[in-house]
Amino acid sequence: MSDFFNLKGQVAVVTGGGSGIGLKTVERFIAAGARVVMADRDHCSEKASALGATFAACDVSKESDVEQLLEATLREYGRLDILVNNAGVFGAYQKLDEITTDVFERCYRVNLLGVAHGIKHAAKRMQPGGRIVNTASAAGLTGAVSLGAYVASKHAVVGLSKTAAVELGAQGIRVNCVCPTTVNTPMAHEQGGDFMIAGERLLVPLGRICEAEEVAAAIHFLASEECGFVNGQALLLDGGMGCGMTEIGFSELIS
Ligand SMILES: NC(=O)c1ccc[n+]([C@@H]2O[C@H](COP(=O)([O-])OP(=O)(O)OC[C@H]3O[C@@H](n4cnc5c(N)ncnc54)[C@H](O)[C@@H]3O)[C@@H](O)[C@H]2O)c1
């Protein structure tokens, strides 16, 4: 990788770093020269050490875990430059008339509280120039059938990111989020996911879903020092889907 967007000498924490988008972000940050803590609920120490990262066990829904993660990072490395609040859960496909409190609570605790804990405890440990990138979703910008709990939690992530950008701007800390449509990770292939993916391929002008590496690249852009005046943004990665219906989508509709 060239010197553009390099992260040499910087310390980054990526939550949900053991799989999918988080894992690709860890790989990319290391390639850019950062020292990276891969934080995950699942045990991933072998994966982390194979990449040259450090593993930290952390359940982001627990404030004490997140506080301990960020404090330990600061103690170990002496600085915290970047936090990627990426850990998330999908919930379940349920329409609003059947949705269960349990699914709402799961999405709320991990997707919303996980990000809130990260922002709260990273901001106090970052110097001016710190960056926080949150993984929201395109489902944080629009509604989606049968995904009420997930959609609500991701709208909250967009709102938190904008609020944090306003509150932390004076400290010189930037906060942004990424909003991808379906990404080719284990989460997307959960029960019912392949049906959604087939539909989305018809609607995305690029004719495919997003790859985890492409989201990691957007996170890297937002986390780079070069991107210094981008703050409070919800960056949509939708392959052009929001620009209009594709020809193939139209023909499927009328056939
Ligand atoms: N895959 C998609 O289609 C898609 C689309 C838009 C946004 N997203 C978002 O991207 C993020 C990453 O998802 P992914 O697609 O890479 O999924 P993934 O399932 O591959 O990875 C999620 C990771 O988060 C970890 N995790 C889950 N709950 C946790 C918790 N409480 N504490 C710590 N770690 C936890 C998991 O162990 C896993 O390693 C999520 O926030 C997700 O909502 C995914």
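This structure is a prediction, so every number in the text was calculated from the model and none was measured.

Chemist: Mind laying out the overall build of the protein, listing which residues take part and the relevant values?
Modeler: Scanning the protein from N- to C-terminus turns up eight helices and seven strands. Against the globule reference of 18 Å for 255 residues, the protein gives a C-alpha radius of gyration of 18 Å, in line with a compact fold. Looking at the protein as a whole, 49% of its 255 residues are labelled buried. Of the contacts formed within the protein by residues at least 6 apart in sequence, a portion of 71% connects residues at least 24 apart. Counting every atom, the protein has about 12,100 Å² of accessible surface; 56% of that belongs to carbon and sulfur. Within the protein, one finds 21 positive and 28 negative side-chain charges whose respective centroids are separated by 5 Å.

Chemist: Can you tell me about the environment of Ala188, naming the residues and giving the values?
Modeler: The residue Ala188 is located in the loop between strand 6 (174-180) and helix 6 (193-203) in this model. Residue Ala188 is classed as buried on the basis of its relative accessible area, which comes to 14%. Residue contacts for Ala188: discarding those within four places in its chain leaves Thr182, Val183, Gly193, Asp194 and Ile197.

Chemist: Account for the nonpolar core, with residues named and values stated.
Modeler: Formed by 32 residues in total, the largest nonpolar core has its most connected members in Val13, Leu69, Leu70, Ile132 and Leu168. Elements represented by at least two residues in this core include exactly strand 1 (11-15), strand 2 (35-40), helix 3 (63-77), helix 4 (101-123), helix 5 (148-168) and strand 6. Not counting the four nearest positions on each side in its chain, Ile132 is found in contact with Leu83, Asn85, Ile119, Ala122, Met126, Leu168, Ile173, Arg174, Val175 and Asn176.

Chemist: Got a sec to walk through the packing of helix 1 (residues 20-31) against helix 7 (residues 212-223)? Specific residues and values, please.
Modeler: Running from N to C, helix 1 and helix 7 cross one another at 55 degrees; their axes reach a closest spacing of 8 Å. Between helix 1 and helix 7, the angle falls in the class oblique. Our pair here, helix 1 against helix 7, has a crossing hand that is right-handed. Contacts between helix 1 and helix 7 pair Gly20, Ile21, Lys24, Thr25, Arg28 and Phe29 from the former with Ala212, Glu213, Val215, Ala216, Ala217, Ile219, His220 and Ala223 from the latter. Residues of the contact of helix 1 with helix 7, tallied by class, amount to eight nonpolar, three polar and three charged.

Chemist: Explain the site of the ligand to me, and be specific about the residues and the numbers.
Modeler: Close to the ligand lie 29 residues; Ser19, Asp40, Asn86, Tyr150 and Thr185 are nearest. A distance of 2.8 Å is found between an oxygen atom of the ligand and a backbone nitrogen or oxygen belonging to Asn86. Contact distances for the ligand include 2.8 Å between an oxygen atom and a backbone N or O atom of Val183. Those elements giving two or more residues to the shell around the ligand turn out to be helix 1 and helix 5.

Chemist: Lay out helix 1 with the relevant residues and their values.
Modeler: End to end, helix 1 covers 17 Å across 12 residues, agreeing with the expected 16 Å (1.5 Å per residue, within 8%). Residues of helix 1 that are buried: Gly20, Ile21, Gly22, Leu23, Thr25, Val26 and Phe29. On the buried face of helix 1, the contacting elements are strand 1, strand 2, helix 2 (45-51), strand 4 (82-85), strand 5 (131-135) and helix 7.

Chemist: Residues and numbers for the packing of helix 4 against helix 5, please.
Modeler: Across the interface, helix 4 lies against helix 5 with an axial gap of 8 Å and an inter-helix angle of 15 degrees. With respect to their mutual orientation, helix 4 and helix 5 come out roughly parallel. In this structure, helix 4 crosses over helix 5, and the sense of that crossing is right-handed. Here Val103, Phe104, Cys107, Asn111, Leu112, Val115, Ala116, Ile119 and Ala123 of helix 4 lie close against helix 5, whose contacting residues are Gly148, Ala149, Tyr150, Ser153, Lys154, Ala156, Val157, Leu160, Ala164 and Leu168. Taken together, the residues that form the contact of helix 4 with helix 5 break down as 15 nonpolar, three polar and one charged.

Chemist: Please provide a residue-by-residue account of the pairing of strand 2, values included.
Modeler: With respect to burial, strand 2 is a largely interior element, five of its six residues being buried. Where strand 1 meets strand 2, five bridges bridge the pair, whose relative direction is parallel. The residue bridging Val13 from the neighbouring strand is Val37, located in strand 2. One crossover worth recording links strand 1 to the parallel strand 2 by way of helix 1, and it is right-handed.

Chemist: Can you break down the packing of aromatic side chains residue by residue, with the values?
Modeler: Evaluated as defined, the whole model comprises three aromatic pairs. Where Phe90 meets Tyr93, the ring centres are 5.1 Å apart and the plane angle is 70 degrees; that geometry is what we call edge-to-face. You can call Phe90 buried: its relative accessible area is 11%. Measuring from centroid to centroid gives 5.3 Å for Phe90 and Tyr150, while their planes differ by 50 degrees, and the two rings are tilted. With Phe90 in the loop between strand 4 and helix 4 and Tyr150 in helix 5, the pair connects residues that are 60 residues apart, well separated along the chain. Tyr150 shares its class with Phe90; the two are buried. The structure contains a cluster of three or more aromatic residues connected by ring pairs, namely Phe90, Tyr93 and Tyr150.

What counts, and at which threshold
Residues numbered from 1 in each chain as written. Predicted model: local features only at pLDDT ≥ 70, side-chain atom pairs only at ≥ 80, totals over all residues. Heavy atoms only, no water. Helix = DSSP H or I, 4+ residues; strand = E, 2+ residues; numbered from the N terminus. Rg over C-alpha atoms; globule rule 2.2 N^0.38 Å. Buried < 20%, exposed > 50% of the residue type's maximum accessible area, 1.4 Å probe, protein only. Contact = heavy atoms within 4.5 Å. Areas by Shrake-Rupley, 256 points an atom, 1.4 Å probe, with all protein chains shown as cover. Lys, Arg positive; Asp, Glu negative; His and termini not counted. Charge placed at Lys NZ, Arg CZ, Asp CG, Glu CD. Core = buried A, V, L, I, M, F, W, Y, C linked by side-chain atoms within 4.5 Å. Axes fitted to C-alpha atoms, helices over the stretch in contact; angles between N-to-C directions. Parallel < 35°, antiparallel > 145°, perpendicular 65-115°, else oblique. Left-handed = near helix turned anticlockwise from the far one by under 90°. Nonpolar A, V, L, I, M, F, W, Y, C, P; charged D, E, K, R; others polar. Near = heavy atom within 4 Å. Polar contact = N/O pair within 3.5 Å; in protein donor to acceptor, adjacent residues only side chain to side chain. Expected span 1.5 Å × (residues − 1). Pairing = 2+ DSSP bridges. Right-handed = clockwise from strand over helix to strand, strands pointing away. Phe/Tyr/Trp six-rings, centres within 6.5 Å; stacked < 30°, edge-to-face > 60°.

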